[in-house]
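# Structure assessment
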Amino acid sequence: MEQLKVIKIGGHIINDQQALDDFLTTFTAIKGLKVLIHGGGKVATELAQKMNLEVKMIDGRRITDSETLDIATMVYAGKVNKTIVAKLQAKQCNAIGFTGADGNTILSKKRDVEEVDFGYVGDVVKVDTEIVEVLLSRKRTPVFCAITHDGHGQLLNTNADTLAAELAIELAKNYETELYYCFEKKGVLQNITDEDSVIKNINLENYQDLKSQGIIADGMLPKMQNCFHAIQNGVQKVCVGLPDMLQNSNSLFTTISNL
């Protein structure tokens, strides 16, 4: 099987134009097949504030009412996605922008209301990579934003980390797939105040210890859950860290493994 890299970016990389341009230069230089997934939360928040719309968050998670969904769709599927695609074209990387609705690639269902009603937030139900694989065979690069659909005409805001994991799992059926979560830290840190205290390897055993000690907590918990979900379902390699890890195996970053 051919090798494939599935790469998710978010946070500072999306918000800082120089950081984004530097990342896309690194991304373009990657040889072989690749898929890019991006978030864009801060840009959406800034637009909502300009439009005098309240940004509602509970435990760090965005509540997506109908107006917030409109903004998320405009920002993620529009401004951020098309800016990334245009910048990749300028670097001679032939990219095509996607939502989950395009090609019926990612089907989701509106999250059930339990303790909190998150609104128009989608949980992934099914991934169909037929169109993606056709594009990859033609040496095109799919670029996914974090918008999916429910099959009944409704768009849904979907966690980009989860979307990346589910895409990687489905693609792993036909490719030797590696998943990379690129963000502003060098990896999972032993000490949040020490940027170099990267935990190089996390497996199921020490993951439980790190959680119980509070070293892995808050927003890093769902990211780790997606990492383990991917590695347990056919993805060959999962890494977390700065974009440098994509080309420099000697750089500091965190690798997730079962053993």
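Scroll up to find the structure.
Let me begin by describing the structure that accompanies this report. Every residue gets a number counted from 1 within its own chain, in the order that chain's sequence is written. Confidence filtering applies because this is a predicted model: local features only for residues at pLDDT of at least 70, side-chain atom pairs given and counted only at 80 or more, and all residues used for totals across whole chains, interfaces and linings. As a convention, hydrogens and water are excluded, and side-chain values are obtained from all of the structure's heavy atoms.

## Here we look at the overall build of the chain
Assigned secondary structure in the chain consists of eight helices and 14 strands. In this description the radius of gyration comes from C-alpha coordinates, and the expected globular size is given by 2.2 Å times residues to the power 0.38. For the chain, the C-alpha radius of gyration of 18 Å lies close to 18 Å, the compact-globule estimate for 259 residues. In terms of overall dimensions, the chain has a C-alpha envelope of 45 × 45 × 35 Å along the principal axes. Relative accessible area decides the class of each residue, using a 1.4 Å probe on protein chains only: under 20% of the type maximum gives buried, over 50% gives exposed, and in between gives partly exposed. Across the 259 residues in the chain, those meeting the buried criterion constitute 48%. Contacts were defined at the residue level, with two residues in contact if any of their heavy atoms lie within 4.5 Å. Contacts in the chain between residues far apart in sequence, at least 24 positions, make up 70% of those at least 6 positions apart. For the chain, the accessible area works out to roughly 12600 Å², and carbon and sulfur atoms hold 46% of it. Taking the 27 positively charged and 33 negatively charged side chains of the chain as two groups, their mean positions are separated by 6 Å. Put simply, DSSP marks the helices as runs of H or I at least four residues long and the strands as runs of E at least two long, and each gets a number from the N terminus on. All accessible-area figures derive from a Shrake-Rupley calculation using a 1.4 Å probe, and residue coverage is judged against the displayed protein chains alone. Counting rule applied: Lys, Arg positive; Asp, Glu negative; His and chain ends not counted. Throughout, a charge is located at the NZ atom of Lys, the CZ atom of Arg, the CG atom of Asp or the CD atom of Glu.

## Overview of helix H2 (residues 17-29)
For H2, which comprises 13 residues, the first-to-last C-alpha distance of 18 Å matches the rise-based estimate of 18 Å (1.5 Å per residue) to within 8%. When H2 is considered as a whole, its buried residues turn out to be Ala 19, Leu 20, Phe 23, Leu 24 and Phe 27. In a view along the axis of H2, the buried residues occupy a sector of 130 degrees, so they form one face of it. Capping the start of H2 is the job of one residue whose side-chain oxygen sits 2.9 Å from the backbone nitrogen of Gln 18: Asp 16. Multiplying 1.5 Å by the residue count of a helix minus one yields the expected span of that helix. In this context, the arc is that of the directions from the helix axis out to the C-beta atoms. A 3.5 Å cut-off defines polar contacts: any pair of N or O atoms within that distance qualifies, except that in protein one atom must be a possible hydrogen donor and the other a possible acceptor, and neighbouring residues in sequence count only when both atoms are side-chain atoms.

## Brief notes about the state of the cysteines
Disulfides are defined in this document as cysteine sulfur pairs within 2.5 Å. By the definition in use, this model includes zero disulfides. The thiol of Cys 93 is unpaired, and the distance to the nearest cysteine sulfur, on Cys 182, comes to 14 Å. In this structure Cys 93 comes out as buried when scored by relative accessible area, which is 5%. As a non-bridged cysteine, Cys 145 has Cys 93 as the owner of its nearest cysteine sulfur, 17 Å distant.

## What about empty space enclosed by the protein?
Definitions used throughout: a 1 Å grid over protein atoms alone; a cavity as a set of points that fits a 1.4 Å probe which cannot get out; a pocket as an open set with protein on both sides within 12 Å along at least five of seven lines; a lining residue as one with an atom within 4 Å of a point. Grid points are joined across faces, edges and corners, and a volume is the space filled by probe spheres set on the points. Under the counting rule described, the total for this entry stands at one cavity of 30 Å³ or more. In this model, the largest cavity occupies a volume close to 40 Å³. Lining the largest cavity are Ala 44, Thr 45, Ala 48, Leu 53, Glu 54, Val 55, Arg 62, Thr 68 and Ile 71. The set of elements that each furnish at least two residues to the lining of the largest cavity consists of helix H3 (41-50) and helix H4 (66-90). Broken down by element, the lining of the largest cavity gets its largest block of residues, three residues, from H3. In terms of residue class, the lining of the largest cavity is built from five nonpolar, two polar and two charged. Under the scheme applied, nonpolar residues are Ala, Val, Leu, Ile, Met, Phe, Trp, Tyr, Cys and Pro; charged residues are Asp, Glu, Lys and Arg; polar residues are all the others, including Gly.

## Digging into the sheet that holds strand S1 (residues 3-9)
Here we have eight strands laid out as an open sheet, ordered S5-S8-S2-S1-S11-S13-S14-S12, and mixed in their pairing. In this open sheet, the two edge strands, each paired with only one partner strand, are strand S5 (95-98) and strand S12 (201-202). Think of it this way: DSSP has to see at least two bridges between two strands before they count as a pair. Inspection of the sheet shows strand S2 (residues 33-38) paired to strand S8 (residues 141-144) by two bridges, in the parallel sense. Across the sheet, residue Ile 37 finds its bridge partner in S8, namely Phe 144.

## Observations concerning helix H8 (residues 220-231)
The end-to-end C-alpha distance of H8 is 17 Å, a good match for the 16 Å that 12 residues give at a rise of 1.5 Å each. Along H8, the residues classified as buried are Met 220, Lys 223, Met 224, Asn 226, Cys 227, Phe 228, Ala 230 and Ile 231.

## Focus: the pattern of salt bridges
The term salt bridge refers to a side-chain nitrogen of Lys or Arg lying within 4 Å of a carboxyl oxygen of Asp or Glu. A full pass over the atoms with the stated rule returns 11 salt bridges. Glu 2 is the partner of Lys 139 in a salt bridge, and the nearest nitrogen-oxygen pair spans 3.9 Å. Taken together, the residues span a long stretch of sequence, with Lys 139 in the loop between helix H5 (130-137) and S8 and Glu 2 in the segment before S1 at a distance of 137 residues. Classification of Lys 139 as exposed rests on a relative accessible area of 56%. Accessibility expressed as a relative area gives 46% for Glu 2, which makes it partly exposed. Here Asp 196 ties to Lys 186 by a salt bridge, and the two come within 2.4 Å at their closest N and O atoms. Of this pair, Asp 196 sits in the loop between strand S11 (176-182) and S12 while Lys 186 sits in the loop between S11 and S12, placing them 10 residues apart in sequence.

## A word on the packing of H2 against H4
Fitting a line to C-alpha atoms yields each axis, with helices limited to the stretch in contact; the angle taken between N-to-C directions then spans 0 to 180 degrees. Viewed as axis vectors pointing N to C, H2 and H4 meet at an angle of 50 degrees, and their least axial separation amounts to 10 Å. It follows that H2 is oblique to H4 by the angle criterion. By crossing handedness, the relation of H2 to H4 is classed as right-handed. In contact with Gln 17, Leu 20, Asp 21, Leu 24, Phe 27 and Thr 28 of H2, H4 contributes Ile 84, Lys 87 and Leu 88. Looking at the contact of H2 with H4 residue by residue, the classes come out as five nonpolar, two polar and two charged. Here roughly perpendicular refers to angles of 65 to 115 degrees, roughly parallel to angles under 35, roughly antiparallel to angles over 145, and oblique to all remaining angles. Working rule for handedness: look at the near helix, and if it is turned counterclockwise from the far one by less than a right angle, call the crossing left-handed; if clockwise, right-handed.

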